[in-house]
Amino acid sequence: MRTDQSSQRNNSSGSEVSLDIPPNAIYNTSRDYIVQTEENEKLNCCTFTKDWLRQLSSNVFRKKTLYKRLPILTWLPKYNRNDFIGDLMAGITVGLTVIPQGLAYAGIAGLDLQYGLYGCFLGCFIYIFLGSSKDVPVGPTAISALLTFQTTHGLWQKAVLLTFLSGLIEIAMGIFRLGFLIDFVSGPVSAGFTSAGSLIIFTSQLKDLLGVNTNGDTFVDMWFSIFGDIHNISWNDAGLGVCCIVVLLTMRAMAGMSFGPKEGKTCWQKFFSTLFWLIGTSRNAVLVVVSAIVGYYLLQADIDIFRMVGYVPKGLPQFQLPPFTMTTITNSTSGEVTEVHESFTHMVSSLGSGLIVVPLISLLENMAVVQTFANGKPCDATQELIAVGVCNVVNSFAQGFRGNGGIARGAVLNSSGVRTQLSNLYTGIIVIVALLYLTPTFYYIPKATLAAIIMAAVIFMIQYRVIKPMWRSKKSDLIPGLATFVACLVLPLQLGILVGIGINILFILYHAARPRLRVETLSTSNDIKYLMLTPDRCLIFPSVEFVRNVITKQGRKSTLPVVIDCTHIYGADYTAAKVVSTMIGDFEDRQQKLYFFNLQPRVAQVFESLHKDLTVLYDMNSLEIKLSGKEEDHSKL
């Protein structure tokens, strides 16, 4: 390879280095390298494995790693009275919120209501030790419940197995540091998925609000079943549900009300501001209690005008292994009883893409909570994967279905003055108390009330506000967002999000295959004109042919020397080297000069493996000498 100065030889390792960087050259790129000695080459596989295991164990059992993987060791020694009061109030507030939500989310998942509460206490206890954020309340969410339904179709055995397997997958993702996978779910894709999921959840609750069927796995199927059964609408339930939604929205507005000035409030102003906030925050619990009381007195008076939740088993769940096999008994129209046994393999295969989508969306939801309330602090996705994964594995032994951090409960937790992860303890205790003593009262809760709680919450999950900023900043971002939204409505939700991610990846690959090249006609101090082409990224096989065509096209338009500014080319592969070799040959055939400016050494070595005749320059002075031809004249002398 030709350079602007004479080549130097390095004989210390018996190899010839054909790349020379002048001492006065401007070269602002990485000089990282790996030294490989003969001793390293003689290491056998056993020795290498032994050294790797020794290094791994030294990293795992370091004090720093222990504190990172058990965050409780960081905050517990500094725990004080103020932390206790803050966590107690926040935990109780979230506990009052999570009970009605747990009941309602079980309905979304197509399960009996007790399963919603089974997944609301053990995970809370585990997260105290492993969780990295004080603002994450572990429990079922609307999206996780919907994904559970579309993956398991309301079978509790498969729902519990999904909780177990998805937890194991999350733990494995954390161990192998795969938290970066959420980077492939862009903002537009996430917004489209969340908005579609909100509409599907809203539609699914019409069966309890109106008393009609909402069969089907997709948004379109649900509406077809609704229109087909609209004549069976229950006007009493519909009226109650609409009234409950209006009350919930009014109480939600109360939570943001403040009396008096921001500073210098009187005692009464502080009291009423706090009272309104408390009522608005615990609006779900207040509505459930009032509705249950009304339902109880109506039934006592033999006025059966609303459909009630019905019997909910009392007590804690039976702690046992997740169901690895199942037997379902169905009655045919002819009255024949059919018993179907499913093995573990068949159960896992029936979960399908849910085993991939559920952990991914769980991480997305959980990290959204962590990042929202992190206040600029770094967020550890690896630790959150491990923490939520362990929570779900343990939940599966209590027959609970999937849970993770939810943004709505996280906001309640944060606004309640939470101080540490110990707030989850009090939330879990409240759920246990409800299971032990309050389940008989759940019988009198109207189904329309629980439907209203969900519908009043999910309407605020529709992210229509992101459309205008996307349109102003980059209109093409609307394509994967809208495609995800439509796909999630037409297809099952887990397939819709995969379609959105796939389209997003296609956009990424397209941009990788079509880098931008800045084309400039410049002049030296001696008024010698040349063409400067500057690619904005590395040269790899998807993009190199495109770059070659652009350079060749620009070179044929004139007879000026062509200089390729390689400042931004930090990597190349064999395909790039092959194409560059062909391009150099084309320029030589046209007798047109081609120079590479500021080419990194490691990239130059890739190029020269197929074509030794490269001319690489590292400063403007050398470039001007080359373009003026003084070096050639001097060599002739």
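This one's a predicted model, so the numbers in the text were calculated from it and none came from an experiment. (Residues numbered from 1 in each chain as written. Predicted model: local features only at pLDDT ≥ 70, side-chain atom pairs only at ≥ 80, totals over all residues. Heavy atoms only, no water.)

Caption draft 1: Highlighting the overall build of the chain. In terms of helices and strands, the chain carries 29 helices and 10 strands. Burial status across the chain gives 48% buried among its 637 residues. Within the chain, contacts between residues at least 6 apart in sequence are counted, and of these 76% link residues at least 24 apart. Of the roughly 32200 Å² of accessible surface on the chain, 62% is carried by carbon and sulfur atoms. (Helix = DSSP H or I, 4+ residues; strand = E, 2+ residues; numbered from the N terminus. Buried < 20%, exposed > 50% of the residue type's maximum accessible area, 1.4 Å probe, protein only. Contact = heavy atoms within 4.5 Å. Areas by Shrake-Rupley, 256 points an atom, 1.4 Å probe, with all protein chains shown as cover.)

Caption draft 2: Up close: the pairing of strand β9 (residues 594-597). Side-chain alternation along β9 places Leu594 and Phe596 on one buried face and Tyr595 and Phe597 on a second face that is also buried. Once you follow strand β8 (residues 562-565) into helix α26 (residues 574-589) and on to β9, the crossover reads as right-handed. For the handedness criterion, the β-α-β arrangement of β9, helix α27 (residues 601-608) and strand β10 (residues 615-617) is classed as right-handed. (Right-handed = clockwise from strand over helix to strand, strands pointing away.)

Caption draft 3: Examining the environment of valine 603 more closely. With respect to the helices, strands and loops of the structure, valine 603 is situated in helix α27. Sequence separation between valine 603 and cysteine 538 is 65 residues; the distance between their C-alpha atoms is 9.5 Å.

Caption draft 4: Up close: the pairing of strand β7 (residues 529-535). Along β7, 6 of the 7 residues are buried, which leaves the element largely enclosed by surrounding structure. Note: strand β6 (residues 517-523) against β7, 7 bridges, orientation antiparallel. What sits directly across from serine 523, in β7, is lysine 529. Between β6 and β7, which follow one another and run antiparallel, lie 5 residues, and aspartate 527 among them has a positive phi close to 60 degrees. As judged from the 3 bridges shared by β7 and β8, these two strands associate in the parallel manner. Opposite methionine 532, over in β8, you have valine 563 as the bridge partner. (Pairing = 2+ DSSP bridges.)

Caption draft 5: Broad picture of the nonpolar core. Counting 92 residues, the largest nonpolar core has Phe401 and Leu450 as the members making the most contacts within it. It is helix α21 (residues 447-458) that contributes the most residues to this core, 9 residues altogether. Here phenylalanine 401 is in contact with Tyr105, Ala106, Ala109, Leu111, Tyr115, Gly116, Gly119, Pro140, Ala145, Thr148, Ala159 and Thr163, once residues within four sequence places are set aside. In this structure, Val547, Val562, Ala576 and Phe596 belong to the second largest nonpolar core, which totals 27 residues. (Core = buried A, V, L, I, M, F, W, Y, C linked by side-chain atoms within 4.5 Å.)

Caption draft 6: Just a nonpolar patch on the surface, in detail. On the surface, a cluster of nonpolar side chains totalling about 750 Å² of accessible area is made up of Val220, Phe224, Ile356, Val486, Val490, Leu491, Leu495, Leu498 and Val499. Elements with a contribution of two residues or more to the nonpolar patch: α12 (219-228), α23 (478-490) and α24 (493-513). In terms of residue count, the dominant contributor to the nonpolar patch is α24 (3 residues). (Patch = residues over 30% accessible without salt bridge, like charges linked within 9 Å, V, L, I, M, F, W, Y side chains within 5 Å. Salt bridge = Lys/Arg side-chain N within 4 Å of Asp/Glu carboxyl O.)

Caption draft 7: Local environment of a positive patch on the surface. Judged by side-chain charge, Arg62, Lys64, Lys68 and Arg177 come together as a positively charged surface patch. Counting through the fold element by element, lysine 68 comes out in helix α3 (residues 63-69). Overall, lysine 68 belongs to the partly exposed group, its relative accessible area being 41%. (Lys, Arg positive; Asp, Glu negative; His and termini not counted. Charge placed at Lys NZ, Arg CZ, Asp CG, Glu CD.)

Caption draft 8: Inspection of unusual backbone geometry at higher detail. At histidine 153, a position not held by glycine, the phi torsion is positive, near 55 degrees. Residue placement: histidine 153 occurs in the loop between α8 (142-152) and α9 (156-175). Residue classification places histidine 153 among the partly exposed positions, given a relative accessible area of 46%. With phi around 55 degrees, glutamine 591 is a residue other than glycine that occupies positive phi space. Assignment of secondary structure puts glutamine 591 in the loop between α26 and β9. Glutamine 591 gets classed as exposed once you look at its relative accessible area, which sits at 75%.

Caption draft 9: Layout of the pattern of salt bridges. Under the definition given, this model contains 9 salt bridges. By sharing partners, the salt bridges in this structure join Glu545, Arg548 and Asp586 into a single network.

Caption draft 10: Main features of the UniProt feature "transmembrane region" (unreviewed entry) in the chain. Following the UniProt record, one finds the feature "transmembrane region" (unreviewed entry) at residues 88-107, 113-130, 159-180, 238-255, 275-299, 425-444, 450-467 and 479-510. As a span, residues 425-444 carries 90% helix and 0% strand, and end to end its C-alpha atoms are 28 Å apart. (UniProt positions renumbered as here; feature names shortened; annotations may be inferred.)

Caption draft 11: Geometry of the side chain of glutamine 101. You can see glutamine 101 is positioned in helix α5 (residues 81-108). When sequence neighbours within four positions are dropped, the list of residues in contact with glutamine 101 reads Asn284 and Arg409.

Caption draft 12: Region of interest: the packing of helix α13 (residues 235-255) against helix α14 (residues 267-281). Contact geometry of α13 with α14 gives a least axis separation of 7 Å together with a crossing angle of 140 degrees. For the element pair α13 / α14, the angle class is oblique. Our pair here, α13 against α14, has a crossing hand that is left-handed. Residue-level contacts link Met251, Met254 and Ala255 of α13 to Phe276, Trp277, Ile279, Gly280 and Thr281 of α14. Considering only residue class, the contact of α13 with α14 consists of 6 nonpolar, 2 polar and no charged. (Axes fitted to C-alpha atoms, helices over the stretch in contact; angles between N-to-C directions. Parallel < 35°, antiparallel > 145°, perpendicular 65-115°, else oblique. Left-handed = near helix turned anticlockwise from the far one by under 90°. Nonpolar A, V, L, I, M, F, W, Y, C, P; charged D, E, K, R; others polar.)

Caption draft 13: Up close: helix α18 (residues 381-396). When the terminal C-alpha atoms of α18 are compared, their 22 Å separation across 16 residues agrees well with the 22 Å that a helix rising 1.5 Å per residue should span. Of all 16 residues that make up α18, 14 are buried, and the element is covered over most of its length. The backbone nitrogen of threonine 382 has a side-chain oxygen 3.2 Å away, supplied by the residue at the start of α18, namely aspartate 380. (Expected span 1.5 Å × (residues − 1). Polar contact = N/O pair within 3.5 Å; in protein donor to acceptor, adjacent residues only side chain to side chain.)

Caption draft 14: Spotlight on the side chain of aspartate 229. By the element assignment, aspartate 229 lies in the loop between α12 and α13. At 9.2 Å, arginine 307 is the nearest oppositely charged side chain to aspartate 229, a buried residue that forms no salt bridge. Setting aside chain neighbours within four positions, we find aspartate 229 in contact with Gly211, Val212 and Asn213.

Caption draft 15: Expanded view of α13. Here α13 spans 31 Å end to end across 21 residues, near enough to the 30 Å set by a 1.5 Å rise per residue. Here the buried face of α13 lies against α11 (206-210), α14, α15 (283-300) and α21.

Caption draft 16: Quick look at the packing of aromatic side chains. Under the criterion given, the structure shown has 18 aromatic pairs. Aromatic pair tyrosine 115 and tryptophan 156: ring centres 5.8 Å apart, planes at 15 degrees, arrangement stacked. Of the two residues, tyrosine 115 is situated in helix α6 (residues 114-118) and tryptophan 156 in helix α9; the sequence distance between them amounts to 41 residues. What makes tryptophan 156 partly exposed here is its relative accessible area of 29%. Here the aromatic rings of tyrosine 296 and tyrosine 297 are separated by 5.4 Å at their centres, their planes lie at 80 degrees, and the arrangement is edge-to-face. In textbook terms, an aromatic cluster arises when at least three aromatic residues are bridged by ring pairs, as seen for Phe259, Trp268, Phe271, Phe272 and Phe276. Over the ring of phenylalanine 460 we find arginine 252, and its NZ or CZ is 3.7 Å from the ring centre. (Phe/Tyr/Trp six-rings, centres within 6.5 Å; stacked < 30°, edge-to-face > 60°. Lys NZ or Arg CZ within 6 Å of the ring centre and 35° of its normal.)

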